[in-house]
Amino acid sequence: MQAIRSILVVIEPEHSESLALKRAKLIAGVTQAHLHLLVCDRKHDHSGMLGVLKAALLEDGYSVTTEQAWNESLHETIVDVQQAEGCGLVVKQHYPDSSLKKALLTPADWKLLRSCPTPVLLVKTSKPWTGGVILAAIDVGNTDVEHRHLHNTIVDHGYDIASLAKAHLHVVSAHPSPMLSAADPTLQLSETIEARYREQCKAFQAEFDIDDDHLHIAEGPADVLIPYMVHKLGAAVTVIGTVARSGLSGALIGNTAEVVLDAVESDVLVLKPMEIMDHLEEIVSHH
């Protein structure tokens, strides 16, 4: 997070009180990152509004540029500008779709999460981050290299946000229900599964100074447990990973990150493994 030099902030003209801009300012205030404000609209001219926002930000000491663009669709416009400007983070306000609309069309924010090569912060509430709870959601049951890197990245970003907002970092991991038919006897009892999961967490607990009271391991599906923990802890930000690859879009409906996005009452920062970010970067550049 500290390494982000430039942040792309998606400004929705019809919502003058931009929560996305509020969050981006908080991050830029600490990291000194440049803010690039983007309005995605091909019909109306918003240069007046962008000019007003820019002047106010410059006066407050921020480094800022603005742009209005449109290319085919909302998510493609955002990704194109992110690539052209070299932004290391995209910040956008999330407006939930109705379940009927979601059944018929893939929501624009899901498409953005799938196709954007950089982390995406979707802002959902005006809840202050400062002094609050940041929840990093991981799946320690997956121990392959890609997932291990992703877990570290998730906890690392959670730690960074907690540091910049003087907030408290908690980590959650859901574990599967015991299976009596499992070949591995440790997977036959809830207690032994939990013990194994806790063992997997020892390394990052030591690295990021997370004590057992801030580590929550419980049985159940991740897309149920994560919203439950967000509600219970009153988390301001949920940091989650997705291994969604583009090209499998049909199969990805119900990806945990996408389901959680609509179910939690917090802002959501979505990260991807390095390999997938590189892969998406490649796809975008050959576009």
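About the criteria used
- Residues numbered from 1 in each chain as written.
- Predicted model: local features only at pLDDT ≥ 70, side-chain atom pairs only at ≥ 80, totals over all residues.
- Heavy atoms only, no water.
- Helix = DSSP H or I, 4+ residues; strand = E, 2+ residues; numbered from the N terminus.
- Buried < 20%, exposed > 50% of the residue type's maximum accessible area, 1.4 Å probe, protein only.
- Pairing = 2+ DSSP bridges.
- Axes fitted to C-alpha atoms, helices over the stretch in contact; angles between N-to-C directions.
- Contact = heavy atoms within 4.5 Å.
- Core = buried A, V, L, I, M, F, W, Y, C linked by side-chain atoms within 4.5 Å.

(A) Quick look at unusual backbone geometry. Look at lysine 166: it is not a glycine, yet its phi comes out positive at around 50°. Tracing the chain through its elements places lysine 166 in the loop between α6 (145-164) and β7 (168-175). Judged by relative accessible area, which is 65%, lysine 166 ranks as exposed.

(B) How the structure looks around the sheet that holds β7. In space, the 10 strands of this open sheet follow the order β3-β2-β1-β4-β5-β10-β9-β6-β7-β8, with mixed pairing throughout. Sheet topology places β3 (64-69) and β8 (215-219) at the edges, where each strand pairs with a single neighbour. For this sheet the average axis-to-axis angle between neighbouring strands, irrespective of direction, equals 20°. As judged from the 5 bridges shared by strand β9 (residues 237-241) and strand β10 (residues 267-271), these two strands associate in the parallel manner. In the strand pairing of β10, valine 239 is matched with leucine 269. Where helix α3 (residues 74-85) meets the sheet, its contacts fall on β1 (6-10), β2 (34-40), β3 and β4 (89-93), and the angle it forms with β2 comes to roughly 150°.

(C) Spotlight on the nonpolar core. One finds Ile7, Val9, Leu35, Leu37, Leu89 and Phe204 to be the most contacted residues of the largest nonpolar core, which totals 51 residues. In this view, leucine 89 contacts Met1, Ile4, Ser6, Ile7, Leu8, Ile27, Thr118, Pro119, Val120, Leu121 and Leu269; residues no more than four positions away in its chain are not counted. The next biggest cluster of nonpolar side chains, apart from the first, holds 34 residues, and it includes Cys87, Leu122, Val172 and Val284.

(D) Up close: the environment of alanine 218. When you line up the elements, alanine 218 lands in strand β8. Spatially, the C-alpha atom of alanine 218 lies 7.3 Å from that of glutamate 194, the residues being 24 residues apart in sequence. For alanine 218, the contacting residues outside a window of four places in its chain are Ser173, Ala174, His175 and Leu225.

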